[in-house]
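Examination of the molecular architecture
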Amino acid sequence: MSSGSPAPALWELTKDESYAKCRVFDVRKQHFVHPGGKTEGDFFVLNSPDWVNVVAVTPDGGIVLVRQFRFGLRDLSWEVPGGIMEAGEDPVKTGLRELEEETGWQAASGKLLASCSPNPAILNNRCHFVLAEDLYFHGKTDWDEHEDMQTQVFPEATVMQMVLHQEIRHSLALNALMYYHAWRDGKLA
């Protein structure tokens, strides 16, 4: 496929320093130079661990969602369960653990559907989307210090209505649901 114009150049990183260390990411100040030497500049990049989001499907076809307060939004948000991965951790294993910790649902099996770059302009991490199946509910949660969640299972059609009515606004939850639908419809290997 030809776009009619040449590919952009890869800029050279000439300086990388820590700017601020935060609880869930580090801010890096990085100096880049265009290979043609005509322009250069300082850019700020958030160095963050990878994340995982889980589409958990109950035996009767429901989808498990969580609702929690989001500090950036300063409001409640419906989304799929998920969390931060430890370095070197397997996305499926992490996703199934996060599902259980956040919701009390356990899955007998999981599958990596896809991965994405959440915001490559400023973030250097990946978000992995996991499908959790063969669920059973045991009700025991293990929330982190700042977690306080409502868990609810919705019929898949209701979840799609929530998406269309912008009741689910978290972009990564929307990506997870999109990849799930592509997988369910046989469009994703």
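Summary of the structure given here. Bear in mind the structure is a predicted one, so any value in this text is a computation, not a measurement.

Here the focus is the pattern of salt bridges. In a structure, side chains of opposite charge can pair up when their charged atoms sit close to one another. The tally for this structure, following the rule as stated, stands at 11 salt bridges. A salt bridge links Asp-16 to Arg-28; the shortest N-O distance between them is 3.0 Å. Taken together, the positions of Asp-16 in strand β1 (residues 12-21) and Arg-28 in strand β2 (residues 26-33) put the pair 12 residues apart, joining distant regions of the chain. Judged by its relative accessible area of 19%, Arg-28 falls in the buried class. Here Arg-97 ties to Glu-98 by a salt bridge, and the two come within 3.4 Å at their closest N and O atoms.

In the sheet, β1 pairs with β2 via 8 bridges, with the strands oriented antiparallel. In the strand pairing of β2, Lys-15 is matched with His-31. In this antiparallel pair of consecutive strands, β1 and β2, the connection spans 4 residues.

Let's shift gears to the side chain of Asn-125. Tracing the chain through its elements places Asn-125 in the loop between β8 (105-116) and β9 (127-137). Overall, the relative accessible area of 3% leaves Asn-125 in the buried class. A polar side-chain atom of Asn-125 sits 2.9 Å from the main-chain carbonyl oxygen of Pro-49. Setting aside residues up to four positions removed in sequence, Asn-125 forms contacts with Ser-48, Pro-49, Asp-50, Trp-51, Cys-116, Ser-117 and Pro-118.

As a further point, take the sheet that holds β2. Within the open sheet, the 3 strands sit side by side as β1-β2-β3. Their pairing is antiparallel. Looking at strand neighbours, the two that pair on one side only are β1 and β3 (40-47), the edges of this open sheet. If you compare each strand with its neighbour and ignore which way they point, the axes differ by 25 degrees on average.

Glancing now at the packing of aromatic side chains. Where two aromatic rings form a pair, the distance of their centres and the angle of their planes describe that pair. A complete count under the given rule lists 8 aromatic pairs for this structure. Taking 6.2 Å as the distance between ring centres and 90 degrees as the angle between the ring planes, the aromatic pair formed by Trp-11 and Phe-43 counts as edge-to-face. Of the two residues, Trp-11 sits in the segment before β1 while Phe-43 sits in strand β3, which places them 32 residues apart along the sequence. A relative accessible area of 36% places Trp-11 in the partly exposed class. Judged by its relative accessible area of 40%, Phe-43 falls in the partly exposed class. Measuring from centroid to centroid gives 5.2 Å for Trp-105 and Phe-137, while their planes differ by 55 degrees, and the two rings are tilted. Here Trp-105, found in strand β8, pairs with Phe-137, found in strand β9; they are 32 residues apart in sequence, far enough to count as distant. By relative accessible area, Trp-105 is classed as buried at 13%. Among the aromatic residues, those joined into a ring-pair cluster are Trp-11, Phe-32 and Phe-43.

Picture the strands of a sheet paired through backbone hydrogen bonds; they go either parallel or antiparallel. Read from one edge of the open sheet, 3 strands run β6-β5-β10, paired in antiparallel fashion. Across the chains shown, the open sheet's two edge strands, defined by having one partner strand only, are β6 (75-79) and β10 (149-155). Recorded for the sheet is a direction-independent mean angle of 25 degrees between the axes of neighbouring strands. Where helix α2 (residues 156-164) meets the sheet, it contacts β5 (62-70), β6 and β10, and its direction lies at approximately 115 degrees from that of β10.

Val-55, Leu-65, Phe-129 and Ile-168 are the most contacted members of the largest nonpolar core, which has 21 residues in total. The element that contributes the greatest number of residues to this core is helix α3 (residues 171-184), accounting for 5 residues. In this structure, Phe-129 is in contact with Asn-53, Lys-111, Leu-112, Leu-113, Ala-114, Ser-115, Cys-116, Leu-172, Asn-175, Ala-176 and Tyr-179, ignoring residues within four places of it in sequence. Among the nonpolar cores identified, the runner-up in size contains 13 residues, and Val-52, Val-92, Leu-96 and Ala-107 belong to it.

Each value, and the rule that gives it
- Residues numbered from 1 in each chain as written.
- Predicted model: local features only at pLDDT ≥ 70, side-chain atom pairs only at ≥ 80, totals over all residues.
- Heavy atoms only, no water.
- Salt bridge = Lys/Arg side-chain N within 4 Å of Asp/Glu carboxyl O.
- Helix = DSSP H or I, 4+ residues; strand = E, 2+ residues; numbered from the N terminus.
- Buried < 20%, exposed > 50% of the residue type's maximum accessible area, 1.4 Å probe, protein only.
- Pairing = 2+ DSSP bridges.
- Polar contact = N/O pair within 3.5 Å; in protein donor to acceptor, adjacent residues only side chain to side chain.
- Contact = heavy atoms within 4.5 Å.
- Axes fitted to C-alpha atoms, helices over the stretch in contact; angles between N-to-C directions.
- Phe/Tyr/Trp six-rings, centres within 6.5 Å; stacked < 30°, edge-to-face > 60°.
- Core = buried A, V, L, I, M, F, W, Y, C linked by side-chain atoms within 4.5 Å.

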